[in-house]
Amino acid sequence: MNFLDEFEGKRKRKAGFFDLVIACDSQRGMSKNNALPWRLPAEVKYFRDLTVSVSDPALKNAVIMGRKTWQSLPLKFMPLPGRLNVVLSRDSGFPVPLDVLRCASLDQALDQLSSETVDRLFVIGGADVLRHAMSHQRCSLLYLTEIKQRFDCDTFLPEYEKLFRLLSSSEPQSETGIEYIFKVYERR
Ligand SMILES: NC(=O)c1ccc[n+]([C@@H]2O[C@H](COP(=O)([O-])OP(=O)(O)OC[C@H]3O[C@@H](n4cnc5c(N)ncnc54)[C@H](OP(=O)(O)O)[C@@H]3O)[C@@H](O)[C@H]2O)c1
(Lines give C-alpha, C1' and ligand atoms only; values in the text may rest on other atoms or scores of the structure.)
Protein backbone atom coordinates (compact mmCIF):
# COMPACT_ATOMS: atom_id res chain seq x y z
CA MET A 1 0.00 0.00 0.00
CA ASN A 2 1.41 3.43 -0.85
CA PHE A 3 1.92 6.25 1.65
CA LEU A 4 -1.18 8.20 0.61
CA ASP A 5 -3.58 5.22 0.74
CA GLU A 6 -2.20 4.19 4.13
CA PHE A 7 -2.46 7.71 5.57
CA GLU A 8 -5.94 8.38 4.17
CA GLY A 9 -7.17 4.98 5.38
CA LYS A 10 -6.41 5.88 9.01
CA ARG A 11 -7.41 9.53 8.92
CA LYS A 12 -10.60 10.90 10.47
CA ARG A 13 -12.10 13.62 8.27
CA LYS A 14 -12.88 17.01 9.81
CA ALA A 15 -16.01 18.34 8.11
CA GLY A 16 -15.93 22.00 7.10
CA PHE A 17 -12.11 22.19 7.18
CA PHE A 18 -9.68 22.58 4.30
CA ASP A 19 -6.22 21.11 3.73
CA LEU A 20 -3.12 22.62 2.11
CA VAL A 21 -1.13 20.81 -0.59
CA ILE A 22 2.31 22.15 -1.48
CA ALA A 23 5.76 21.06 -2.65
CA CYS A 24 8.86 22.98 -1.63
CA ASP A 25 12.64 22.66 -1.76
CA SER A 26 15.09 22.56 1.15
CA GLN A 27 14.82 26.37 1.57
CA ARG A 28 11.01 26.40 1.32
CA GLY A 29 11.31 27.51 -2.33
CA MET A 30 8.12 26.97 -4.32
CA SER A 31 8.69 28.40 -7.79
CA LYS A 32 10.71 30.66 -10.07
CA ASN A 33 9.28 33.00 -12.74
CA ASN A 34 5.79 31.60 -12.14
CA ALA A 35 6.80 27.98 -12.85
CA LEU A 36 8.00 24.98 -10.83
CA PRO A 37 11.82 24.67 -11.06
CA TRP A 38 11.70 20.85 -10.86
CA ARG A 39 10.10 18.11 -12.95
CA LEU A 40 8.72 15.31 -10.77
CA PRO A 41 6.02 13.28 -12.57
CA ALA A 42 5.36 10.94 -9.60
CA GLU A 43 4.97 13.97 -7.32
CA VAL A 44 2.45 15.45 -9.76
CA LYS A 45 0.60 12.11 -9.70
CA TYR A 46 0.55 12.20 -5.87
CA PHE A 47 -0.97 15.71 -6.03
CA ARG A 48 -3.53 14.52 -8.57
CA ASP A 49 -4.44 11.33 -6.63
CA LEU A 50 -4.84 13.28 -3.39
CA THR A 51 -6.91 16.13 -4.82
CA VAL A 52 -9.11 14.04 -7.16
CA SER A 53 -10.05 11.15 -4.80
CA VAL A 54 -13.56 11.45 -3.36
CA SER A 55 -15.51 9.46 -0.81
CA ASP A 56 -18.64 9.50 -3.03
CA PRO A 57 -18.47 9.45 -6.85
CA ALA A 58 -21.36 11.95 -6.99
CA LEU A 59 -19.09 14.57 -5.40
CA LYS A 60 -16.02 16.52 -6.49
CA ASN A 61 -13.20 18.09 -4.50
CA ALA A 62 -12.46 21.79 -4.80
CA VAL A 63 -8.96 23.18 -5.38
CA ILE A 64 -8.65 26.78 -4.23
CA MET A 65 -5.74 28.80 -5.62
CA GLY A 66 -4.45 32.33 -5.98
CA ARG A 67 -4.84 34.17 -9.28
CA LYS A 68 -1.11 33.87 -10.03
CA THR A 69 -1.10 30.12 -9.43
CA TRP A 70 -4.09 29.83 -11.79
CA GLN A 71 -2.15 31.77 -14.42
CA SER A 72 0.87 29.48 -13.94
CA LEU A 73 -1.10 26.32 -14.89
CA PRO A 74 -0.19 24.83 -18.27
CA LEU A 75 -3.06 25.53 -20.74
CA LYS A 76 -3.99 21.85 -20.98
CA PHE A 77 -4.51 21.70 -17.16
CA MET A 78 -6.54 24.91 -16.99
CA PRO A 79 -8.80 24.12 -15.18
CA LEU A 80 -7.31 21.16 -13.30
CA PRO A 81 -9.50 18.26 -14.49
CA GLY A 82 -11.87 16.35 -12.21
CA ARG A 83 -11.89 19.07 -9.57
CA LEU A 84 -13.88 22.26 -9.02
CA ASN A 85 -11.30 25.01 -9.62
CA VAL A 86 -11.66 28.11 -7.45
CA VAL A 87 -9.53 31.20 -8.21
CA LEU A 88 -9.03 33.88 -5.55
CA SER A 89 -8.76 37.41 -6.92
CA ARG A 90 -9.80 40.80 -5.56
CA ASP A 91 -10.28 41.96 -9.15
CA SER A 92 -13.99 41.44 -9.84
CA GLY A 93 -13.26 41.74 -13.57
CA PHE A 94 -10.67 38.95 -13.67
CA PRO A 95 -11.97 36.53 -16.32
CA VAL A 96 -12.29 32.80 -15.59
CA PRO A 97 -14.01 30.05 -17.63
CA LEU A 98 -17.68 29.31 -16.90
CA ASP A 99 -16.89 26.11 -14.99
CA VAL A 100 -14.40 27.91 -12.69
CA LEU A 101 -15.42 29.86 -9.60
CA ARG A 102 -13.80 33.24 -8.87
CA CYS A 103 -14.00 34.45 -5.27
CA ALA A 104 -12.87 37.71 -3.68
CA SER A 105 -11.65 36.07 -0.46
CA LEU A 106 -10.94 32.68 1.09
CA ASP A 107 -13.94 33.08 3.41
CA GLN A 108 -16.20 33.82 0.47
CA ALA A 109 -14.92 30.68 -1.26
CA LEU A 110 -15.51 28.57 1.87
CA ASP A 111 -19.05 29.96 2.25
CA GLN A 112 -19.93 29.30 -1.38
CA LEU A 113 -18.44 25.83 -1.39
CA SER A 114 -20.42 24.72 1.66
CA SER A 115 -23.56 24.86 -0.48
CA GLU A 116 -22.00 23.04 -3.44
CA THR A 117 -21.71 19.30 -3.95
CA VAL A 118 -18.08 19.27 -2.88
CA ASP A 119 -16.31 16.62 -0.88
CA ARG A 120 -12.90 17.92 0.23
CA LEU A 121 -11.46 21.41 0.04
CA PHE A 122 -7.79 21.90 -0.83
CA VAL A 123 -5.87 25.17 -0.88
CA ILE A 124 -3.07 24.60 -3.39
CA GLY A 125 -1.12 27.90 -3.20
CA GLY A 126 0.61 30.10 -3.97
CA ALA A 127 2.55 31.78 -1.20
CA ASP A 128 0.29 34.82 -1.00
CA VAL A 129 -2.84 32.73 -0.43
CA LEU A 130 -1.00 30.41 1.97
CA ARG A 131 0.06 33.26 4.24
CA HIS A 132 -3.59 33.78 5.14
CA ALA A 133 -4.82 30.18 4.73
CA MET A 134 -2.24 28.67 7.12
CA SER A 135 -3.49 30.60 10.11
CA HIS A 136 -7.17 30.31 9.20
CA GLN A 137 -9.31 28.63 11.88
CA ARG A 138 -10.63 26.10 9.36
CA CYS A 139 -7.19 24.94 8.18
CA SER A 140 -6.58 21.29 9.08
CA LEU A 141 -3.74 19.41 7.33
CA LEU A 142 -0.65 20.45 5.40
CA TYR A 143 0.37 17.89 2.77
CA LEU A 144 3.92 18.97 2.12
CA THR A 145 6.34 17.37 -0.32
CA GLU A 146 9.79 18.25 0.99
CA ILE A 147 12.40 18.18 -1.77
CA LYS A 148 15.88 17.51 -0.40
CA GLN A 149 17.65 19.89 -2.76
CA ARG A 150 17.93 23.63 -3.21
CA PHE A 151 16.58 25.26 -6.40
CA ASP A 152 16.74 28.83 -7.63
CA CYS A 153 13.35 30.16 -6.45
CA ASP A 154 11.64 33.54 -6.14
CA THR A 155 8.50 32.41 -4.26
CA PHE A 156 8.69 30.77 -0.84
CA LEU A 157 6.37 28.82 1.40
CA PRO A 158 5.69 30.96 4.49
CA GLU A 159 7.13 29.60 7.75
CA TYR A 160 4.84 26.81 8.86
CA GLU A 161 6.83 25.07 11.60
CA LYS A 162 5.26 26.90 14.55
CA LEU A 163 1.72 26.45 13.24
CA PHE A 164 1.87 22.74 12.38
CA ARG A 165 3.16 19.50 13.86
CA LEU A 166 4.26 16.45 11.92
CA LEU A 167 1.77 13.58 11.69
CA SER A 168 3.28 11.24 9.13
CA SER A 169 6.20 10.86 6.68
CA SER A 170 6.70 8.58 3.69
CA GLU A 171 9.79 6.60 2.83
CA PRO A 172 12.31 8.68 0.85
CA GLN A 173 11.24 9.04 -2.80
CA SER A 174 13.55 9.58 -5.74
CA GLU A 175 13.01 10.45 -9.39
CA THR A 176 14.88 12.37 -12.10
CA GLY A 177 17.85 12.39 -9.68
CA ILE A 178 15.90 14.36 -7.06
CA GLU A 179 15.09 13.05 -3.57
CA TYR A 180 11.99 14.07 -1.65
CA ILE A 181 9.62 12.94 1.11
CA PHE A 182 5.84 13.18 1.36
CA LYS A 183 4.89 14.58 4.77
CA VAL A 184 1.58 15.38 6.41
CA TYR A 185 1.36 17.97 9.18
CA GLU A 186 -1.65 19.04 11.21
CA ARG A 187 -2.51 22.41 12.67
CA ARG A 188 -1.49 22.72 16.32
N1 LIG B 1 5.48 24.46 -5.29
C2 LIG B 1 4.16 24.43 -5.18
O3 LIG B 1 3.58 23.47 -4.61
C4 LIG B 1 3.35 25.55 -5.72
C5 LIG B 1 1.96 25.53 -5.50
C6 LIG B 1 1.21 26.59 -5.98
C7 LIG B 1 1.81 27.64 -6.65
N8 LIG B 1 3.16 27.62 -6.83
C9 LIG B 1 3.81 28.75 -7.49
O10 LIG B 1 3.53 29.92 -6.74
C11 LIG B 1 3.55 31.04 -7.62
C12 LIG B 1 2.40 31.96 -7.32
O13 LIG B 1 2.41 32.31 -5.94
P14 LIG B 1 2.18 33.83 -5.48
O15 LIG B 1 2.35 33.88 -4.02
O16 LIG B 1 3.04 34.70 -6.33
O17 LIG B 1 0.68 34.12 -5.95
P18 LIG B 1 -0.73 33.40 -5.61
O19 LIG B 1 -0.90 33.24 -4.15
O20 LIG B 1 -0.90 32.22 -6.48
O21 LIG B 1 -1.72 34.52 -6.19
C22 LIG B 1 -1.71 35.81 -5.62
C23 LIG B 1 -2.96 36.52 -6.06
O24 LIG B 1 -4.11 35.81 -5.60
C25 LIG B 1 -5.09 36.73 -5.12
N26 LIG B 1 -5.24 36.54 -3.68
C27 LIG B 1 -4.28 36.13 -2.79
N28 LIG B 1 -4.80 36.04 -1.55
C29 LIG B 1 -6.09 36.41 -1.67
C30 LIG B 1 -7.15 36.52 -0.73
N31 LIG B 1 -6.97 36.21 0.58
N32 LIG B 1 -8.35 36.94 -1.17
C33 LIG B 1 -8.54 37.24 -2.49
N34 LIG B 1 -7.58 37.14 -3.43
C35 LIG B 1 -6.38 36.73 -3.02
C36 LIG B 1 -4.61 38.10 -5.53
O37 LIG B 1 -5.05 38.24 -6.87
P38 LIG B 1 -5.40 39.67 -7.53
O39 LIG B 1 -4.09 40.39 -7.66
O40 LIG B 1 -6.00 39.31 -8.85
O41 LIG B 1 -6.37 40.35 -6.61
C42 LIG B 1 -3.10 37.93 -5.49
O43 LIG B 1 -2.40 38.87 -6.29
C44 LIG B 1 3.51 30.48 -9.03
O45 LIG B 1 4.79 30.66 -9.60
C46 LIG B 1 3.28 29.01 -8.86
O47 LIG B 1 3.99 28.24 -9.83
C48 LIG B 1 3.94 26.60 -6.38
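None of the values given here were measured: they were computed from a predicted structure.

Definitions and limits used
Residues numbered from 1 in each chain as written. Predicted model: local features only at pLDDT ≥ 70, side-chain atom pairs only at ≥ 80, totals over all residues. Heavy atoms only, no water. Salt bridge = Lys/Arg side-chain N within 4 Å of Asp/Glu carboxyl O. Helix = DSSP H or I, 4+ residues; strand = E, 2+ residues; numbered from the N terminus. Buried < 20%, exposed > 50% of the residue type's maximum accessible area, 1.4 Å probe, protein only. Axes fitted to C-alpha atoms, helices over the stretch in contact; angles between N-to-C directions. Parallel < 35°, antiparallel > 145°, perpendicular 65-115°, else oblique. Left-handed = near helix turned anticlockwise from the far one by under 90°. Contact = heavy atoms within 4.5 Å. Nonpolar A, V, L, I, M, F, W, Y, C, P; charged D, E, K, R; others polar. Arc of directions from axis to C-beta. Polar contact = N/O pair within 3.5 Å; in protein donor to acceptor, adjacent residues only side chain to side chain.

J.: How should the pattern of salt bridges be read in this particular structure?
T.: Between side chains of opposite charge, a pair can form as their charged atoms come close. Applying the stated criterion to the full structure yields eleven salt bridges. Of the charged contacts in the structure, one is a salt bridge between R120 and D19, with a shortest N-O distance of 2.7 Å. Note that R120 is positioned in strand β6 (residues 118–123) and D19 in strand β1 (residues 18–24), a separation of 101 residues in sequence. Given the relative accessible area of 6%, R120 is considered buried. Among the salt bridges present, the one from E159 reaches R28, with a minimum N-O distance of 3.9 Å.

J.: Just checking my understanding: could you explain the packing of helix α1 (residues 3–10) against helix α2 (residues 41–52) for this structure?
T.: In a pair of packed helices, the angle between the axes and the distance between the axes together describe the arrangement. Where α1 meets α2, the axes come as close as 11 Å, and the angle between the chain directions of the two elements is 25 degrees. With respect to their mutual orientation, α1 and α2 come out roughly parallel. Where α1 crosses over α2, the handedness of that crossing is right-handed. Residues F3, L4 and E8 of α1 form the contact with α2, whose own contacting residues are Y46, D49 and L50. Its residues assigned to classes, the contact of α1 with α2 shows four nonpolar, no polar and two charged.

J.: I'm lost on α1 in this one. Help?
T.: Think of an α-helix as 3.6 residues a turn; residues three or four steps apart then line up on the same face. Of the residues making up α1, those classed as buried are F3, L4 and F7. Each buried residue of α1 sits inside an arc of 90 degrees when the element is viewed along its axis, so together they form one side. The inward-facing, buried residues of α1 abut α2, β7 (139–147), β9 (164–169) and β11 (178–187). Two to three positions downstream of the cap, the backbone nitrogen of L4 sits 3.2 Å from a side-chain oxygen, assigning the N-cap of α1 to N2.

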